[in-house]
2 protein chains.
Amino acid sequence: MNRHNPDFSSILKELGLKETPKRRAILEILAAEPGFLSPEELWRTLKARFATIGLPTVYRNLGELADGGVISTIIHPNRHLYYYFCTRVNGHHHHFICTSCRRVEDIPECSVSAMEGEIIARNGGAITSHIVQLNGLCSDCLAGVTE
Amino acid sequence: MNRHNPDFSSILKELGLKETPKRRAILEILAAEPGFLSPEELWRTLKARFATIGLPTVYRNLGELADGGVISTIIHPNRHLYYYFCTRVNGHHHHFICTSCRRVEDIPECSVSAMEGEIIARNGGAITSHIVQLNGLCSDCLAGVTE
DNA sequence: ATCCTAAAGGGAAATCATTTCGTTTTGCGC
DNA sequence: GCGCAAAACGAAATGATTTCCCTTTAGGAT
Ligand SMILES: [Mn+2]
Ligand SMILES: [Mn+2]
Ligand SMILES: [Zn+2]
Ligand SMILES: [Zn+2]
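Reading the values: rules and limits
- Residues numbered from 1 in each chain as written.
- Chains lettered and ligands numbered in written order.
- Predicted model: local features only at pLDDT ≥ 70, side-chain atom pairs only at ≥ 80, totals over all residues.
- Heavy atoms only, no water.
- Near = heavy atom within 4 Å.
- Helix = DSSP H or I, 4+ residues; strand = E, 2+ residues; numbered from the N terminus.
- Polar contact = N/O pair within 3.5 Å; in protein donor to acceptor, adjacent residues only side chain to side chain.
- Nonpolar A, V, L, I, M, F, W, Y, C, P; charged D, E, K, R; others polar.
- Axes fitted to C-alpha atoms, helices over the stretch in contact; angles between N-to-C directions.
- Parallel < 35°, antiparallel > 145°, perpendicular 65-115°, else oblique.
- Left-handed = near helix turned anticlockwise from the far one by under 90°.
- Contact = heavy atoms within 4.5 Å.
- Expected span 1.5 Å × (residues − 1).
- Buried < 20%, exposed > 50% of the residue type's maximum accessible area, 1.4 Å probe, protein only.
- Donors = N, O, S within 2.8 Å, 3.2 Å for Na, K, Ca; no water.
- Buried area = accessible area lost by both parts, 1.4 Å probe.
- Salt bridge = Lys/Arg side-chain N within 4 Å of Asp/Glu carboxyl O.
- Pairing = 2+ DSSP bridges.

### Structural notes on the protein's contact with DNA strand C
Residues in close proximity to DNA strand C total 23 residues, the closest being Lys-22, Arg-23, Thr-52 and Thr-57 of chain A together with Tyr-59 of chain B. In DNA strand C, the atoms that sit within 4 Å of the protein are 75% sugar and phosphate, with bases accounting for the remainder. For the surface near DNA strand C, the elements supplying multiple residues, two or more each, are helix H2 (21-32) and helix H4 (55-67) of chain A together with helix H4 (55-67) of chain B. In terms of residue count, the dominant contributor to the surface near DNA strand C is H4 of chain A (four residues).

Structure (structure tokens):
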């Protein structure tokens, strides 16, 4: 039930998604991966396990799982899609991504929620969502650079 | 020199960009716009002023100006490009965007910089940049919805 | 165990925002 | 004014992502 042993059956059931071999494989691969993956990279890994699997299947599943909050998207300067296994049910949090090795680390505290109140008080309106992502070098990559 | 009367000549000179009529028009249109624009929308406006202007010219200029920090990009769920006039020289800050009318408002305080220190202390590594964007409804759109 | 049906997958093709390319024009320092 | 690098043109290419239509499958009901 932790990051490397989540209960995929329950997760999919709650989302109303059928538990198919490919869907499960997508979750397994993502959950085992310390960094974010592109749909195409995931597809290459999947093709080693399945005789036939289409790229549209990968896109479709990633989209559904992201909508369901089981995986999260990464914002990349190249504006391509990247996904990371991180369920929303772990509570609201954000991510630090290493631009060198792609590793993703959780940032448990959310800096925005604390100030939402005063922002609304000042500007009016309503905040429905927010995006926070820290980019940089993880400790390993930083050590490699400065070594 | 405020938002609606910036010194485009100086800005472009500092960036080492020539002051062409089209480049100036792009800045003027963006600076007069309260919300974010797509390259294509900007192009349509520009075509009213110039007999010929290519979409690649718009993309190229937007890219250069964003690289130079004169305009900033908006993160949109549809993953298309949107730009907003907001110079980096105004100091580090972030934006609240109205998902209904596209209005952009500055958020002067940065919630992330305060916590960067402890994040690094905990995880190691180095933070090189961060993304923060608040999405919601501006006061006008909220009033319209609830009226 | 078999049926049934909506959901899922396959694969080829389309989409279309964005970029590239080769050529022509233009800003601007001298 | 000259010269040249930067800028703009426009047609064409690119390629990540989506659409389409047909086939297969998961899983609840009989
Ligand atoms: Mn996470
Ligand atoms: Mn701003
Ligand atoms: Zn948050
Ligand atoms: Zn900030």
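### Some thoughts on the protein's contact with DNA strand D
In the vicinity of DNA strand D there are 23 residues, among which Tyr-59 of chain A together with Lys-22, Arg-23, Thr-52 and Thr-57 of chain B approach most closely. The sugar-phosphate portion of DNA strand D accounts for 75% of its atoms within 4 Å of the protein, the bases making up the rest. Thr-20 of chain B is positioned such that a nitrogen or oxygen atom in its side chain is 2.7 Å from a phosphate oxygen of DNA strand D. Ile-53 of chain B places a main-chain nitrogen or oxygen 3.4 Å from a phosphate oxygen of DNA strand D. Residue assignment for the surface near DNA strand D shows that the elements contributing at least two residues are H4 of chain A together with helix H2 (21-32) and H4 of chain B. Taken together, the residues of the surface near DNA strand D break down into eight nonpolar, seven polar and eight charged.

### Digging into the packing of H2 of chain B against H4 of chain B
Residue and element names in this part refer to chain B. For the pair H2 and H4, the least separation of the axes is 10 Å and the interaxial angle reads 70°. Taken together, the axis directions place H2 and H4 in an arrangement best described as roughly perpendicular. Of the two elements, H2 crosses H4, and the hand of that crossing is right-handed. For the pair formed by H2 and H4, the contact residues are Arg-23, Ile-26, Leu-27 and Leu-30 on the first element and Val-58, Asn-61, Leu-62, Glu-64 and Leu-65 on the second.

### Quick look at H2 of chain B
All names here are of chain B. Relative to the 16 Å expected for 12 residues at 1.5 Å per residue, H2 spans 16 Å between its end C-alpha atoms, a close match to the ideal helical length. Along H2, the residues that are buried comprise Arg-23, Ala-25, Ile-26, Leu-27, Ile-29, Leu-30 and Ala-31. For H2, the secondary structure elements touched by its buried residues are helix H1 (8-15), helix H3 (39-47), H4, strand S1 (71-73) and strand S2 (83-85).

### Focus on the coordination of the manganese ion (ligand 1)
All names here are of chain A. On the protein side, the manganese ion (ligand 1) has Cys-86 (SG), His-93 (NE2), His-95 (NE2) and Asp-106 (OD) as donor atoms, found 2.1 to 2.4 Å from it. Every donor residue of the manganese ion (ligand 1) comes from the same chain, spaced as C-x6-H-x1-H-x10-D. A residue pair is termed long-range when its members are at least 10 positions apart, and His-95 in strand S3 (residues 94-98) and Asp-106 in strand S4 (residues 104-107) qualify at 11 residues. Residue class for His-95 comes out buried when judged on its relative accessible area of 9%. Classification of Asp-106 by relative accessible area gives partly exposed; the value is 37%.

### Topic: the interface of chain B and chain A
Counting residues at the interface gives 34 residues for chain B, matched by 34 residues for chain A. Surface buried jointly by chain B and chain A totals about 2,800 Å² across both partners, of which 57% is contributed by carbon and sulfur atoms. Taking the shortest distance from any N to any O, the salt bridge between Glu-109 of chain B and Arg-122 of chain A comes out at 3.2 Å. In this assembly, chain B and chain A are joined by 12 residue pairs in polar contact (both at pLDDT 80 or more). With 12 residues, the top contributor of residues to the side of chain B that touches chain A is strand S5 (residues 126-137) of chain B. By the bridge criterion, 11 bridges tie strand S5 (residues 126-137) of chain A to S5 of chain B in an arrangement that is antiparallel. Considered in S5 of chain B, the bridge of Ile-127 of chain A is made with Gly-136 of chain B.

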